[in-house]
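Observations on the model geometry
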Amino acid sequence: MAQQQVAVLLQQAVNGDLKGCLQGLKTLSESAGPAKEEKNNFKAQVSIELRRVFDDKLEAELSAEELEKFLNIAKGLSDADVAHEAQTLQIFADLFDARTIEDSKKYWTILEENQQRLVPVEQLRGSLRAELLLLQLSNALLARLSKVIDTNFSGRIQLFLSRLLPLDHKASLNLSGNFNSQNVTAFENSTDDNEVCL
């Protein structure tokens, strides 16, 4: 029953009534119970339903206005604490999985331009779920890119990650200590110690 109510409320948000949707979802969330586990289950249910609604739209061509509408819905749900905080990143992850590299470049530009609004650094660093989802979608996108052709786009993704994640983040460290032992660098020995290199 609650799943049907969530689906109806999310459809209401898609049709333009985000405030009414948020009020209905808050009421449903409160009726789910005060326990943290019950609230998390409700958030998961809302997140799954939003993904289901978004996946239906992904089958057709998605305009920038429609994407903006879904991002605003996801951000509103996260801010109202009725959906998981990484909901906007989940929409981008689904979008990148379903689109070509050329389309993904356009959508990545939207993510870069709206990063402060959609994925604030403070929110990202406070949420393990958001950090992992960002790393997952970035690595999945990097794995699809050509090492030769898409170097510019790969660099944009890596710069984006470096701005959002701290330098000492586990994902940026070589915790296992693996290194390339096959690489041999040959150094030229100078015969004259008095030579000065300028």
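Structure report, in brief. Since this is a predicted model, take the numbers as computed values, not measurements.

The next subject is the overall build of the chain. Secondary structure assignment for the chain yields 10 helices and zero strands. For the chain, the succession of helices and strands along the chain, N to C, is α-α-α-α-α-α-α-α-α-α. Taking 16 Å as the expected radius of gyration for a compact globule of 198 residues, we find that the chain reaches 22 Å, considerably beyond that expectation. With respect to the three principal axes, the spread of C-alpha positions in the chain is 85 × 40 × 30 Å. The buried share of the chain, taken over its 198 residues, is 41%. Residue pairs in contact within the chain that sit at least 24 positions apart in sequence constitute 68% of those at least 6 positions apart. Surface accessibility of the chain: about 12200 Å² in total, with carbon and sulfur atoms responsible for 52%. Here the chain contributes 21 positive and 29 negative side-chain charges, whose respective centroids are spaced 6 Å apart.

What follows is about the side chain of R99. Counting through the fold element by element, R99 comes out in the loop between α5 (87-98) and α6 (101-113). The charged side chain of R99 is buried without a salt bridge, its nearest counter-charge being D103 at 4.6 Å.

So, on to the packing of helix α4 (residues 64-79) against α5. Contact pair α4 / α5: the axes reach a minimum separation of 8 Å and the direction vectors enclose 145 degrees. Residues L67, F70, L71, A74, K75 and S78 of α4 lie in contact with α5, whose contacting residues are Q87, T88, I91, F92 and L95. Looking at side-chain class alone, the contact of α4 with α5 contains seven nonpolar, three polar and one charged residues.

So, about the packing of α5 against α6. Between α5 and α6, whose axes approach to 10 Å, the crossing angle comes to 165 degrees. Of the possible angle classes, the one that applies to α5 and α6 is roughly antiparallel. Helix-helix and strand crossings are classified by hand; for α5 and α6 the assignment is left-handed. Contacts from F92, L95 and F96 of α5 reach α6 at S104, Y107, W108, I110 and L111. Classifying every residue of the contact of α5 with α6 gives seven nonpolar, one polar and no charged.

Turn by turn, an α-helix covers 3.6 residues, leaving residues three or four places apart pointing in a common direction. Compared with the 16 Å implied by 1.5 Å per residue over 12 residues, the 17 Å span of α5 between its first and last C-alpha is a close match. Within α5, 10 of the 12 residues are buried, which leaves the element mostly enclosed by the surrounding structure.

Secondary-structure assignment places A7 in helix α1 (residues 2-14). Separated by 46 residues in the primary sequence, A7 and V53 place their C-alpha atoms 8.1 Å from one another.

On to the nonpolar core. The biggest cluster of nonpolar side chains holds 54 residues, and the ones touching the most others in it are L25, L67, L77 and W108. Ranked by the residues each element gives to this core, the list is headed by helix α9 (residues 128-144), at seven residues. Other than its neighbours up to four places away in sequence, L25 contacts V6, L9, L10, F42, V46, L77 and V82.

What counts, and at which threshold
Residues numbered from 1 in each chain as written. Predicted model: local features only at pLDDT ≥ 70, side-chain atom pairs only at ≥ 80, totals over all residues. Heavy atoms only, no water. Helix = DSSP H or I, 4+ residues; strand = E, 2+ residues; numbered from the N terminus. Rg over C-alpha atoms; globule rule 2.2 N^0.38 Å. Buried < 20%, exposed > 50% of the residue type's maximum accessible area, 1.4 Å probe, protein only. Contact = heavy atoms within 4.5 Å. Areas by Shrake-Rupley, 256 points an atom, 1.4 Å probe, with all protein chains shown as cover. Lys, Arg positive; Asp, Glu negative; His and termini not counted. Charge placed at Lys NZ, Arg CZ, Asp CG, Glu CD. Salt bridge = Lys/Arg side-chain N within 4 Å of Asp/Glu carboxyl O. Axes fitted to C-alpha atoms, helices over the stretch in contact; angles between N-to-C directions. Nonpolar A, V, L, I, M, F, W, Y, C, P; charged D, E, K, R; others polar. Parallel < 35°, antiparallel > 145°, perpendicular 65-115°, else oblique. Left-handed = near helix turned anticlockwise from the far one by under 90°. Expected span 1.5 Å × (residues − 1). Core = buried A, V, L, I, M, F, W, Y, C linked by side-chain atoms within 4.5 Å.

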